[in-house]
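The lines below spell out each chain.
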Amino acid sequence: ITMLWVMPMLQLVNLCIFWSISVNHFWYDYSLLIMCFVVGLLGGGVYVQGYNRINADMPKELREFALSSASVADSVGILVADISSLFIQSCIYERNGIDGAVVNCPL
């Protein structure tokens, strides 16, 4: 896959869809699990294809450094996503009238 950015954009679209569902309560069914499965496939696909592209495109002398950098960037990305999810969850809690969020909604 040469256009690796398409899969993260699709994940962002799925985030917006899931947020809309959680706020507006229009889809409560087990069929929602299909979308969860698709999100997992997209995440795994980005992970595998990203490392595949590094392996294929980088010169041999830079490949090990590039793979290490990608591993660190992956961990940093997960950390940023976890922190962001706390704020997203607090906004969803606030919108649904649920107490107990760890942080306050910034919106």
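Residues numbered from 1 in each chain as written. Predicted model: local features only at pLDDT ≥ 70, side-chain atom pairs only at ≥ 80, totals over all residues. Heavy atoms only, no water.

### Some thoughts on the packing of aromatic side chains
Selection criterion: To pair, rings of Phe, Tyr and Trp, with the six-membered ring standing in for Trp, must have centres within 6.5 Å; the planes then decide the type, stacked if under 30 degrees apart, edge-to-face if over 60, and tilted in the middle. Numbering of helices and strands runs from the N terminus; a helix is a DSSP stretch of H or I covering at least four residues, while a strand is a stretch of E covering at least two.
The tally for this structure, following the rule as stated, stands at one aromatic pair. An angle of 65° between the planes, with centres 5.0 Å apart, marks the rings of Tyr47 and Tyr51 as edge-to-face. Taken together, the residues span about one helical turn, with Tyr47 and Tyr51 both in helix α2 (residues 32–57) at a distance of four residues.

### Let's talk about the state of the cysteines
To keep it simple, the criterion reads: By definition, disulfides here are pairs of cysteine sulfur atoms that lie within 2.5 Å. Buried residues are those whose accessible area, probed at 1.4 Å on protein chains only, stays under 20% of the maximum for their type, while exposed residues exceed 50% and partly exposed ones sit between those limits.
As enumerated under the stated definition, the model contains one disulfide in all. One disulfide in the model links Cys91 with Cys105; its S-S distance is 2.0 Å. The sign of the 90° torsion about the S-S bond sets the Cys91-Cys105 disulfide as right-handed. One end of the pair, Cys91, is in helix α3 (residues 60–96); the other, Cys105, is in the segment after α3, and 14 residues separate them in sequence. The two residues Cys91 and Cys105 agree in class, both being buried. Distance from the sulfur of Cys16, which forms no disulfide, to the nearest cysteine sulfur (Cys91) is 13 Å.

### Focus: unusual backbone geometry
Residue His25 is not a glycine yet carries a positive backbone phi of 55°. Here His25 lies in the loop between α1 (6–24) and α2.

### So, the side chain of Ser90
Note the following rule: Throughout this description, a polar contact denotes any pair of N or O atoms lying within 3.5 Å of each other; where both atoms belong to protein, one of them has to be capable of donating a hydrogen while the other can accept it, and for residues adjacent in sequence the pair is counted only when both atoms sit in side chains. Here, residues are in contact when the closest pair of their heavy atoms is within 4.5 Å.
Inspection of the secondary structure puts Ser90 in helix α3. Polar contacts involving the side chain of Ser90 include one to the main-chain carbonyl oxygen of Phe87, which spans 2.8 Å. Apart from the residues lying within four places of it in its own chain, the contact partners of Ser90 are Ala101, Val103, Asn104 and Cys105.

Such coordinate-based values are descriptive only and should not be taken to indicate function.
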